[in-house]
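Residue strings, one per chain:
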Amino acid sequence: MARNKYPEETVNLILGVAGRLFMEKGYERTSIQEIIDNLGGLSKGAIYHHFKSKEEILDAVTNRMMEESNRKLAGILKRKDLNGIEKLRTLFKSSLCRSVQDDIFKVAPGIYNNPRLLTSLLYETIELTAPEYILPIIEEGIADGSIVAEYPKQMAELISLVANVWINPMVFDSSEEETYYKFLVFDQMLKGMGLDIVDEEMITRMRKLTAIYQKSK
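Residues numbered from 1 in each chain as written. Predicted model: local features only at pLDDT ≥ 70, side-chain atom pairs only at ≥ 80, totals over all residues. Heavy atoms only, no water.

(A) Region of interest: the overall build of the protein chain. Scanning the protein chain from N- to C-terminus turns up 12 helices and zero strands. In sequence order, the secondary structure elements of the protein chain are arranged as α-α-α-α-α-α-α-α-α-α-α-α. If one aligns the C-alpha atoms of the protein chain with their principal axes, the spans along those axes are about 60 × 40 × 25 Å. Per-residue burial over the protein chain gives 43% buried out of 217 residues. Summarising the internal contacts of the protein chain: among those between residues at least 6 apart in sequence, 70% fall at separations of at least 24. (Helix = DSSP H or I, 4+ residues; strand = E, 2+ residues; numbered from the N terminus. Buried < 20%, exposed > 50% of the residue type's maximum accessible area, 1.4 Å probe, protein only. Contact = heavy atoms within 4.5 Å.)

Laid out in structure tokens, this is it:
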């Protein structure tokens with residue numbers, strides 16, 4: 001009865017245990033049964049009452065990790081001391097360098113062979129990242145003259161897809177070297193659109209995150 005009466009406590013327990021196991025063993029090497037075994041008596045039914053699959057648990061774990069960080073990123077859009085291109089540069093650097101990314105890459109699964117996770121990533125990139133974070137900044141940059149773009153919506157989607165999918169080592173299982181080269185091409189692409197926003201710190205940071213992911217596999 002207690003589990004039904006306090007579902008939030010049950011969810012928090014499941015996510016806490018799953019998150020710890022994902023961090024310690026990696027997502028791929030953690031089974032649902034191992035999560036159950038560490039829940040102090042909760043049944044498999046208690047898990048499946050709240051989550052349909054291990055992938056759904058992962059979504060919830062990573063969403064909880066990112067919640068506070070995303071609020072900080074959203075705050076960049078409201079800053080009055082930066083023009084459009086400065087906001088875009090600050091957003092990319094802040095997103096890449098936030099400490100929670102280390103934890104995300106530690107628990108990350110391989111996405112390429114998981115249709116559900118790949119679809120979720122594509123959906124979030126096009127329906128959330130591009131319209132809610134990138135597009136408003138591009139439009140602001142067009143208005144203040146720091147960004148030139150004839151098709152801002154499509155530019156926002158392209159930038160988001162390349163950054164979140166093509167460069168993402170979780171999608172293509174890229175090595176540090178391959179990620180480095182992809183980031184260099186990304187930089188060239190952006191500069192071709194008049195967006196000089198990538199610096200050496202970002203490139204180095206992406207290589208570090210790739211190393212974290214490769215080590216945790």
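Let's pick the thread back up.
(B) Region of interest: the nonpolar core. Residues Phe 22, Ile 35, Ile 57, Phe 183, Phe 186 and Leu 195 are the most contacted members of the largest nonpolar core, which totals 63 residues. Of all the elements, helix H8 (residues 115–144) adds the most residues to this core, at eight residues. Excluding residues that lie within four positions of it along the chain, Ile 35 makes contacts with Val 17, Ala 18, Leu 21, Phe 22, Thr 30, Ile 47 and Ile 57. (Core = buried A, V, L, I, M, F, W, Y, C linked by side-chain atoms within 4.5 Å.)

(C) Layout of the side chain of Lys 182. Among the structural elements, Lys 182 can be located in helix H11 (residues 176–192). Buried and unpaired, Lys 182 has Glu 178 as its nearest opposite-charge partner, separated by 4.6 Å. In terms of polar contacts, Lys 182 uses its side chain to reach the backbone carbonyl oxygen of Trp 166, at 2.9 Å. Apart from the residues within four sequence positions on either side, Lys 182 is in contact with Trp 166, Ile 167, Phe 172 and Ser 174. (Lys, Arg positive; Asp, Glu negative; His and termini not counted. Salt bridge = Lys/Arg side-chain N within 4 Å of Asp/Glu carboxyl O. Polar contact = N/O pair within 3.5 Å; in protein donor to acceptor, adjacent residues only side chain to side chain.)

(D) The arrangement of helix H2 (residues 7–25) in detail. Over its 19 residues, H2 runs 27 Å from end to end, which matches the ideal 27 Å to within 8%, given 1.5 Å per residue. Of the residues flanking the end of H2, it is Gly 26, one or two places downstream, whose phi is positive at about 95 degrees. (Expected span 1.5 Å × (residues − 1).)

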